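Single-letter residue listing:
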Amino acid sequence: MNIECKKKENILIVTLQGDIDHHTCEKVRAVIDDTLEQIHGKHILFCFSKVAFMDSSGIGVLIGRYKLIQRLHGKIAVCGAGERIKTIFHLSALDQLFPIFETEEEAILYLKKGETV
């Protein structure tokens, strides 16, 4: 699992590469939480373009980050998800918590202004 984090204003952009499963979820959680605290971020954008698989452990990590962001009065968005990941989001109802956008730019606009393109 490779995790790249960058800051854009008060948005933590997390680009994930690899599978998100019980072997990698603790690393994903720790990196996101630590980075979010360091940058004093309010929103998270997950880029899933390089993720092919996510199990229930990954779903748990995302729900945990959702609860954290809710306490900060922020939002979470997802971009670049392939069909397999979109199906996982739909079956687990994560798509009800996180809007899924095709591009990073659309997601950032939503996080900044609460608008969709």
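Now for a look at the structure at hand. (Residues numbered from 1 in each chain as written. Predicted model: local features only at pLDDT ≥ 70, side-chain atom pairs only at ≥ 80, totals over all residues. Heavy atoms only, no water.)

Examining the nonpolar core
Ranked by internal contacts, the top residues of the largest apolar core, which has 28 residues, are Leu16, Phe46, Phe48, Met54 and Phe89. Mapped by element, the contributors of at least two residues to this core are β2 (11–17), α1 (25–39), β3 (43–50), α2 (56–71), β4 (76–79) and α3 (83–91). Among all residues touching Phe48, those that are not within four sequence positions of it are Leu16, Ile20, Met54, Leu62, Val78, Cys79, Gly80, Ala81, Ile85 and Phe89. Grouped together as the second largest cluster of nonpolar side chains are eleven residues, Leu45, Cys47, Phe101 and Ile108 included. (Core = buried A, V, L, I, M, F, W, Y, C linked by side-chain atoms within 4.5 Å. Buried < 20%, exposed > 50% of the residue type's maximum accessible area, 1.4 Å probe, protein only. Helix = DSSP H or I, 4+ residues; strand = E, 2+ residues; numbered from the N terminus. Contact = heavy atoms within 4.5 Å.)

Describing the pattern of salt bridges
One pass over the structure, following the stated rule, counts seven salt bridges. Close ionic contact of Lys112 with Glu9 constitutes a salt bridge, the shortest N to O distance being 3.0 Å. With Lys112 in helix α4 (residues 104–113) and Glu9 in the loop between β1 (2–8) and β2, this pair connects stretches of sequence that are 103 residues apart. With relative accessibility at 53%, the residue Glu9 sits in the exposed group. Across the pair Arg65 and Asp33 runs a salt bridge, and its minimum N-O distance is 2.8 Å. Of this pair, Arg65 sits in helix α2 while Asp33 sits in helix α1, placing them 32 residues apart in sequence. An identical accessibility class is assigned to Arg65 and Asp33; each is buried. (Salt bridge = Lys/Arg side-chain N within 4 Å of Asp/Glu carboxyl O.)

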